[in-house]
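Listed below are the residues making up each chain.
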Amino acid sequence: MTLLRIENLDIRYGQFRAVRDLSLEIGQGEVVALIGANGAGKTTLLRTLAGAHRAEAGTVHFKGENLTGLRAHERLARGLALVPEGRRLFAEMTVTENLLLGATSGRPGDWTVERVFQTFPNLVKRRHARASGLSGGEQQATAIGRALMANPDFLILDEVSLGLSPLVIDQVYRSLDGILASGTTILLVEQDLSRAMRTASRALCMLEGRIVLDRPMAATNRDEITQAYFGLTRSQRGHA
Ligand code: ATP
């Protein structure tokens, strides 16, 4: 079943078209990696889906409903949650308080503060600590936990690895395994191609605001994704 349907989406900053006539569908239960160089338009697309930025043209349907005109909290209430690049926690609030904020959408489901702590055990001893005092990995876990507290049907993760050590990235992804296994639909931006290929079932490559590759992960490979990432044509590849 199609969960998200994007049609002819155009997103601008002034005259600059950051996302150009982009169309795609994501089905229930898919784990999709969005891959692309800096400036390709990934964050712009994700923020627009979540309602943090307004599209210039085109439509986004979620569970059959047109989201145009709906604000971020209204999209969250419908089950679409974004873990933004840079985490954006409330610095002066504790871990638990940040998590509880995620529940204010009032969506029914299994996620509780305790379940977040089971998923991210490193947060347990930090539950009363202010977000500003957390390590990068603890902040990221809190940001993901906050999104999960909304019991999302569709979880959007923007560069969860950014600024974390390889060890901590492993921890975060290990915690995500259970979420992946639970059937939550996920769209994630991940710069580490090996990890993206291991985690996702489908690869979407963006270049200059457009999707240039859309394949099941099992039907593509590192070479093809890298070529799409750099925008190389078939003849350029031959000379590479
Ligand atoms: P990164 O990996 O660097 O985050 P990205 O693929 O997420 O890259 P975006 O951040 O979506 O790319 O940026 C897409 C384009 O839009 C870039 O050319 C960027 O310079 C431009 N852009 C992003 N935010 C703004 C803004 N607030 N004002 C003007 N231009 C912007």
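My aim in this report is to walk through the structure given alongside it, one point at a time.

Rules behind the numbers
Residues numbered from 1 in each chain as written. Predicted model: local features only at pLDDT ≥ 70, side-chain atom pairs only at ≥ 80, totals over all residues. Heavy atoms only, no water. Axes fitted to C-alpha atoms, helices over the stretch in contact; angles between N-to-C directions. Helix = DSSP H or I, 4+ residues; strand = E, 2+ residues; numbered from the N terminus. Parallel < 35°, antiparallel > 145°, perpendicular 65-115°, else oblique. Left-handed = near helix turned anticlockwise from the far one by under 90°. Contact = heavy atoms within 4.5 Å. Buried < 20%, exposed > 50% of the residue type's maximum accessible area, 1.4 Å probe, protein only. Pairing = 2+ DSSP bridges.

Turning to the packing of helix α3 (residues 95–102) against helix α5 (residues 136–148), a few remarks are in order. Running from N to C, α3 and α5 point in directions that differ by 30°, and their axes come no closer than 6 Å. Classed by the angle they form, the pair α3 and α5 counts as roughly parallel. Where α3 crosses over α5, the two elements pack in a sense that is right-handed. Contacts between α3 and α5 pair Val95, Asn98, Leu99 and Gly102 from the former with Thr142, Gly145 and Arg146 from the latter.

This part covers helix α1 (residues 42–49). In terms of burial, α1 is a largely internal element, 6 of the 8 residues being buried. Regarding α1, the residues found buried are Lys42, Thr44, Leu45, Leu46, Thr48 and Leu49. Residue Gly51 follows α1 closely and has a positive phi angle near 90°.

This part takes up the pairing of strand β10 (residues 210–216). Both strand β9 (residues 202–207) and β10 contribute to a ladder of 6 bridges, which runs antiparallel. Paired with Ala203 across the two strands is Arg215, which belongs to β10. Hairpin connection, β9 to β10: the antiparallel pair is bridged by 2 residues, and Glu208 has positive phi, about 45°.

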